[in-house]
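What follows is the residue order along each chain.
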Amino acid sequence: MAEVKDQLEIKFRLNDGSDIGPKLFPDATTVATLKETVVAQWPRDKENGPKTVKDVKLISAGRILENNKTVGDCRSPVGNFSGAVTTMHVIIQHQVTEKEKKKKKKPKGDLKQNKCVCLCFGARC
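The sections below set out a description of the structure shown in this document.

Criteria and thresholds
- Residues numbered from 1 in each chain as written.
- Predicted model: local features only at pLDDT ≥ 70, side-chain atom pairs only at ≥ 80, totals over all residues.
- Heavy atoms only, no water.
- Helix = DSSP H or I, 4+ residues; strand = E, 2+ residues; numbered from the N terminus.
- Buried < 20%, exposed > 50% of the residue type's maximum accessible area, 1.4 Å probe, protein only.
- Contact = heavy atoms within 4.5 Å.
- Core = buried A, V, L, I, M, F, W, Y, C linked by side-chain atoms within 4.5 Å.
- Pairing = 2+ DSSP bridges.
- Axes fitted to C-alpha atoms, helices over the stretch in contact; angles between N-to-C directions.
- Salt bridge = Lys/Arg side-chain N within 4 Å of Asp/Glu carboxyl O.

What follows concerns the environment of Leu-58. In this fold, Leu-58 is placed in strand β3 (residues 56-60). Judged by its relative accessible area of 0%, Leu-58 is buried. Along the primary structure Leu-58 and Ala-32 are separated by 26 residues, whereas in three dimensions their C-alpha atoms are 9.6 Å apart. Those residues in contact with Leu-58, other than ones at most four positions away along the chain, are Phe-12, Val-31, Leu-34, Lys-35, Val-38, Arg-63, Ile-64, Leu-65, Met-88, His-89 and Val-90.

All right, on to the environment of Lys-23 then. Structurally, the position occupied by Lys-23 is in strand β2 (residues 19-26). Overall, Lys-23 belongs to the partly exposed group, its relative accessible area being 40%. When residues no more than four places from it in sequence are discounted, the contact partners of Lys-23 are Leu-8, Glu-9, Ile-10 and Gln-41.

Ile-10, Phe-12, Leu-34, Val-38, Leu-58, Met-88 and Val-90 are the most contacted members of the largest nonpolar core, which has 18 residues in total. The dominant element in this core, judged by the number of residues it contributes, is helix α2 (residues 31-41), at four residues. Filtering out sequence-adjacent residues up to four positions away, Phe-12 remains in contact with Ser-18, Asp-19, Ile-20, Phe-25, Leu-34, Thr-37, Val-38, Leu-58, Met-88 and Val-90.

As a further point, take the sheet that holds strand β5 (residues 85-92). Strand order in the open sheet formed by five strands is β2-β1-β5-β3-β4, and the pairing between neighbours is mixed. Every other strand in the sheet has two partners, leaving β2 and β4 (63-64) as the edge strands with one partner each. Here two bridges tie β3 to β4, and the two strands are oriented antiparallel to one another. The residue bridging Ser-60 from the neighbouring strand is Arg-63, located in β4. Against the sheet, α2 contacts β1 (7-13), β2, β3 and β5, and its axis sits at roughly 115 degrees relative to β3.

One pass over the structure, following the stated rule, counts three salt bridges. The residue Asp-19 makes a salt bridge to Lys-11 at a minimum N-O spacing of 3.7 Å. Overall, Asp-19 belongs to the partly exposed group, its relative accessible area being 32%. Close ionic contact of Asp-16 with Lys-46 constitutes a salt bridge, the shortest N to O distance being 2.6 Å. Of this pair, Asp-16 sits in the loop between β1 and β2 while Lys-46 is found in the loop between α2 and β3, placing the two residues 30 residues apart along the sequence. A residue is classified by how much of its surface remains accessible, and Lys-46, at 25% relative accessible area, is partly exposed.

To continue, consider unusual backbone geometry. Going from Gly-21 to Pro-22, the amide bond is cis rather than trans, its omega being 15 degrees. Among the structural elements, Pro-22 can be located in strand β2. A positive phi angle, close to 55 degrees, is found at Ala-61, a residue other than glycine. Taking relative accessible area as the criterion, Ala-61 reaches 60% and is therefore assigned exposed.

Here it is as structure tokens:
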């Protein structure tokens, strides 16, 4: 029974509503390891999958999880019932490479300047 208490069953919900898992993870497992699991088990038929762990963000209980935290740290104090599966939402944000950054930069002469003019019409008392 102690082994089950020190583990958390997690499924990863993808943006299209499909899931990876559920799978049991020990409390000592880091969020970085969870992200590695997502990258390794990402369905091959889905487009725009993560290329690296840096592309993956995990959200649990409304919080973005940090890589150095453990599964035990991420446990919700409310709602962890025996035998319940915890759902973590997966967000994919591809990292922009230096090459892509250079392509997106425009010469200064091509930049449009946005100007905002605010007028207040009001009577003072």
